[in-house]
Amino acid sequence: VDNLINTFDFSRPTFVTAGRCIDIKGQWHLIRAISLVKEKFFDVQLVIFGEGELKEQLEDYTNELGVQNNVFFMGYTKNYHAFMEKCNAFVFSSLYEGLGNVILEAIACGMPVISVDCNYGPKEILCKDPKKGIKDITYSDYGILIPAFSMENFLQNTKFENSDYLFANAMISLLEDEKLIENYKVMSLKRAKDFLPEKIKEKWFLVIEGKYNEN
């Protein structure tokens, strides 16, 4: 990781994500978004940590969209958090999730997060009122949320979706607003404290005792 950090150009606007390169992670949506952001920030970068069966196809897709110099596939890296902390924001594109542990890792690093509102996890982590529907770019309490992507694979449907454009606009808005970045850095660390072991332990005891109130 130290070698990656020492050789990488963090002077360029940089977004980072982590996850296996498989269907459910939807990284092609991030590649699409970067191709749109590039129209305004030509030197923008997307760093993808992870291996998987779609990696080569995703690499080909960057060539197809002309962003092969903007997207970097780092493969599997066990301790990528020191690298991640140096990026502008963490981005999350899963089609569905169980929770989204990498979002918890990102907020624990004090990172602004832009995430798709997939089932389940992102909204529950980033929003005080997870029952609220996400229909547009939503600047939530602890991060930015975008309406869910479709379940179609990019190999079957290469047409950009509305949420691809919304994701790109959210990325641009963050790069253009340093105060927004600083606010989400603070709020991320604040939210991360809610997931400390002792906090979770307290809630489990309340659940077991039938006293837990989510409000």
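Look above for the structure.
No experiment lies behind these values; they were computed from the predicted model shown. Per chain, residue numbering runs from 1 following the sequence as it is written. Owing to the predicted nature of the model, reporting of local features is limited to residues with pLDDT of at least 70; listing and counting of side-chain atom pairs is limited to 80 or more, with chain, interface and lining totals taken over all residues. For the side-chain quantities, the full set of heavy atoms in the structure was used; hydrogens and water were omitted.

A.B. asks: Even after reading the chapter, I still don't get the overall build of the chain, so can you show me in this structure?
C.D. replies: Counting its regular elements, the chain contains 9 helices and 7 strands. For 215 residues, the compact-globule estimate of 2.2 N^0.38 gives 17 Å, and the C-alpha radius of gyration of the chain, at 17 Å, lies within 12% of that figure. Expressed along its principal axes, the backbone C-alpha trace of the chain runs to roughly 55 × 40 × 35 Å. Residue burial in the chain is summarised as follows: out of 215 residues, 51% are buried. Two residues form a contact once any of their heavy atoms are found within 4.5 Å. Counting only contacts in the chain whose residues sit at least 6 apart along the sequence, the fraction spanning at least 24 positions is 69%. Secondary structure elements follow DSSP: runs of H or I of four or more residues count as helices, runs of E of two or more count as strands, with numbering from the N terminus. Our radius of gyration looks at C-alpha atoms and nothing else; its globule reference is 2.2 Å times the residue count to the power 0.38. Note on exposure labels: buried denotes an accessible area under 20% of the residue type's maximum, exposed denotes more than 50%, and partly exposed covers the range between, all computed with a 1.4 Å probe on protein chains only.

A.B. asks: Can you help me understand the layout of surface pockets in this one?
C.D. replies: A water-sized probe, rolled over the atoms, reveals where empty space remains. Using a grid of 1 Å spacing that covers the protein atoms alone, one calls a set of points a cavity when a 1.4 Å probe fits there but cannot get out, and a pocket when the set is open and has protein on both sides within 12 Å along at least five of seven lines; lining residues are those with an atom within 4 Å of a point. Grid points are joined across faces, edges and corners, and a volume is the space filled by probe spheres set on the points. Volume-wise, the second largest pocket comes out at about 180 Å³. Surrounding the second largest pocket, 14 residues form its lining, G19, F49, Y76, T77 and Y80 being those nearest its centre. Grouping the amino acids of the lining of the second largest pocket by side-chain chemistry returns 5 nonpolar, 5 polar and 4 charged. As a working rule, the residues Ala, Val, Leu, Ile, Met, Phe, Trp, Tyr, Cys and Pro are called nonpolar, Asp, Glu, Lys and Arg charged, and the rest polar, with Gly in that last group.

A.B. asks: Mind showing me how you'd approach the pairing of strand β4 (residues 89-92) here?
C.D. replies: Walk down a regular strand and you will see the side chains alternate between the two sheet faces. What you see with β4 is no split at all: A89 and V91 on one side and F90 and F92 on the other are buried throughout. The pairing of strand β1 (residues 14-18) with β4 spans 2 bridges and is classified as parallel. Bridge pairing links F15 to A89 in β4. For two strands to count as paired, DSSP must find a minimum of two bridges between them. Both β4 and strand β5 (residues 113-116) contribute to a ladder of 3 bridges, which runs parallel. Within β5, the position partnered with F92 by the bridge is S115. The handedness of the β4 to β5 crossover, carried by helix α5 (residues 101-108), is right-handed. Classification remark: right-handed applies to a crossover when, strands pointing away from the viewer, the course from the first strand over the helix to the second runs clockwise.

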